Amino acid sequence: LTTALVVFKAIAEGRLALDTPVIISARAAKMPPSRSGLPIGTALTMRDALNLLIVKSANDIAIAIAETVSGSVENFVAGMNRLAQSLDMSATHFVNPNGLDNPAQVTSARDLAIVSLAIERHYPQYARIFATSIVRLDGRNLHTYNELLTRFAGTTGMKTGFVCSAGMNMVATVKRD
């Protein structure tokens, strides 16, 4: 979620656009699943990259986005941490843009709620991405793990994740009445 929020902020600041090319680097291609599996050198738009990031939780795409937005993963992660501080996400520290296990990377349910609300309040134009259950890539349908989107009335979106240390996790938004 914070990776997406950093991208939305960069777009709002005019530093990139939804049509900006995102290139799969060697570093990105080495990421473990879940990933898009696109080969090194493949270019896709930031729009498509965001869809893969949110819907498929593609770890390779998170790295490619970070490199595109900030020139390096390390610079991007520094920006994620600055953004987290500015939002008073007091229990959060990032070390990578894809959420993969690292003992130094931590967050809390409260902080995930804060970043989710920031996305909803400041960037409602991207709500559709978080409500998408299927994205097509090279003729394949990639499905979200957020089954609430299709099984729980009123679910408007957000994000699922999995890491060994925490197991399955989810941030969901629902609107009823």
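Our structure is the block above this text.
Keep in mind the model is a prediction, meaning the values are calculated, not measured.

### Brief notes about the overall build of the protein
A tally of regular secondary structure across the protein gives 8 helices and 6 strands. Helices and strands in the protein line up, N terminus first, as α-β-α-β-α-α-α-α-α-β-β-α-β-β. Computed over C-alpha atoms, the radius of gyration of the protein comes to 15 Å, within 12% of the 16 Å expected from 2.2 N^0.38 for 177 residues, which places it in the range of a compact globule. In terms of overall dimensions, the protein has C-alpha extents of about 45 × 40 × 35 Å along its principal axes.

### Notes on the side chain of asparagine 81
Along the chain, asparagine 81 falls in helix H5 (residues 73-86). Judged by relative accessible area, asparagine 81 falls into the buried class, the value being 15%.

### Some points on the packing of helix H1 (residues 2-12) against helix H3 (residues 46-56)
Direction vectors running N to C along H1 and H3 enclose 160°, while the axes themselves pass 10 Å from each other. Between H1 and H3, the angle is such that the two are roughly antiparallel. In this structure, H1 meets H3 at a crossing whose hand is left-handed. Contacts between H1 and H3 pair Thr3, Ala4, Val7 and Phe8 from the former with Met46, Leu50, Leu53 and Ile54 from the latter. Along the lines of polarity and charge, the residues of the contact of H1 with H3 split into 7 nonpolar, 1 polar and no charged.

### Section: helix H6 (residues 109-122)
In this model, H6 (14 residues) spans 20 Å end to end at C-alpha, consistent with the 20 Å of a helix rising 1.5 Å per residue. What H6 keeps buried is the set Asp111, Ile114, Val115, Ser116, Ala118 and Ile119. Summarising the contacts, the buried residues of H6 are in contact with H1, helix H7 (127-130), strand E5 (155-163) and strand E6 (167-174).

### Structural notes on the nonpolar core
Across soluble globular proteins, you tend to see nonpolar side chains buried next to one another. Residues Met46, Ile61, Ile65 and Val69 are the most contacted members of the largest nonpolar core, which totals 51 residues. Elements with a minimum of two residues in this core: H1, H3, helix H4 (59-70), H5, H6, H7 and strand E3 (134-137).

### Re a nonpolar patch on the surface
Taken together, Tyr145, Phe162 and Met168 make up a surface patch of nonpolar side chains, about 370 Å² in accessible area. Position of methionine 168 relative to the elements: it lies in strand E6.

### Here we look at the side chain of threonine 20
In this fold, threonine 20 is placed in the loop between H1 and strand E1 (21-23). Among the polar contacts listed, one links the side chain of threonine 20 to the backbone nitrogen of alanine 17, at a separation of 2.8 Å. Sequence-distant contacts of threonine 20, defined by excluding residues within four places in its chain, comprise Leu44, Thr45, Met46 and Thr68.

### A closer look at H1
Along H1, 9 of the 11 residues are buried, which leaves the element largely enclosed by surrounding structure. Taken as a whole, H1 has its buried residues at Thr2, Thr3, Ala4, Leu5, Val6, Val7, Phe8, Ala10 and Ile11. Check the buried side of H1 and you find it contacts H3, H4, H5, H6 and H7. One or two positions beyond H1, positive phi appears at glycine 14, with a value near 80°.

### Topic: the pairing of E3
Regular strands have side chains that alternate between both faces of the sheet. Burial of the side chains of E3 is restricted to one face: Val135 and Leu137 are buried, whereas none of Ile134 and Arg136 on the reverse face is. Where E3 folds back onto strand E4 (residues 140-143) in an antiparallel hairpin, the turn is made up of 2 residues, including aspartate 138, whose phi is positive at roughly 50°.

### Some details on the layout of surface pockets
In this structure, the largest pocket spans a volume of roughly 1,000 Å³. Taken together, 38 residues make up the lining of the largest pocket; nearest its centre are Asn98, Gly99, Gly161, Val163 and Asn169. Considering every element that reaches the lining of the largest pocket, the biggest residue donor is E5, with 5 residues. A breakdown of the residues in the lining of the largest pocket according to their chemical character gives 21 nonpolar, 15 polar and 2 charged. The computed volume of the second largest pocket comes to approximately 170 Å³. As for the second largest pocket, its lining consists of Val6, Lys9, Ala10, Glu13, Arg15, Val69, Ser70, Asn75, Gly79, Arg82 and Leu83. Among the secondary structure elements, those contributing two or more residues to the lining of the second largest pocket are H1, H4 and H5. It is H5 that contributes the most residues to the lining of the second largest pocket, 4 residues altogether.

Parameters and conventions
- Residues numbered from 1 in each chain as written.
- Predicted model: local features only at pLDDT ≥ 70, side-chain atom pairs only at ≥ 80, totals over all residues.
- Heavy atoms only, no water.
- Helix = DSSP H or I, 4+ residues; strand = E, 2+ residues; numbered from the N terminus.
- Rg over C-alpha atoms; globule rule 2.2 N^0.38 Å.
- Buried < 20%, exposed > 50% of the residue type's maximum accessible area, 1.4 Å probe, protein only.
- Axes fitted to C-alpha atoms, helices over the stretch in contact; angles between N-to-C directions.
- Parallel < 35°, antiparallel > 145°, perpendicular 65-115°, else oblique.
- Left-handed = near helix turned anticlockwise from the far one by under 90°.
- Contact = heavy atoms within 4.5 Å.
- Nonpolar A, V, L, I, M, F, W, Y, C, P; charged D, E, K, R; others polar.
- Expected span 1.5 Å × (residues − 1).
- Core = buried A, V, L, I, M, F, W, Y, C linked by side-chain atoms within 4.5 Å.
- Patch = residues over 30% accessible without salt bridge, like charges linked within 9 Å, V, L, I, M, F, W, Y side chains within 5 Å.
- Areas by Shrake-Rupley, 256 points an atom, 1.4 Å probe, with all protein chains shown as cover.
- Salt bridge = Lys/Arg side-chain N within 4 Å of Asp/Glu carboxyl O.
- Polar contact = N/O pair within 3.5 Å; in protein donor to acceptor, adjacent residues only side chain to side chain.
- Pairing = 2+ DSSP bridges.
- 1 Å grid on protein atoms, 1.4 Å probe; cavity = no way out; pocket = protein on both sides within 12 Å on 5 of 7 lines; lining within 4 Å.
- Points joined across faces, edges and corners; volume = space filled by probe spheres on them.

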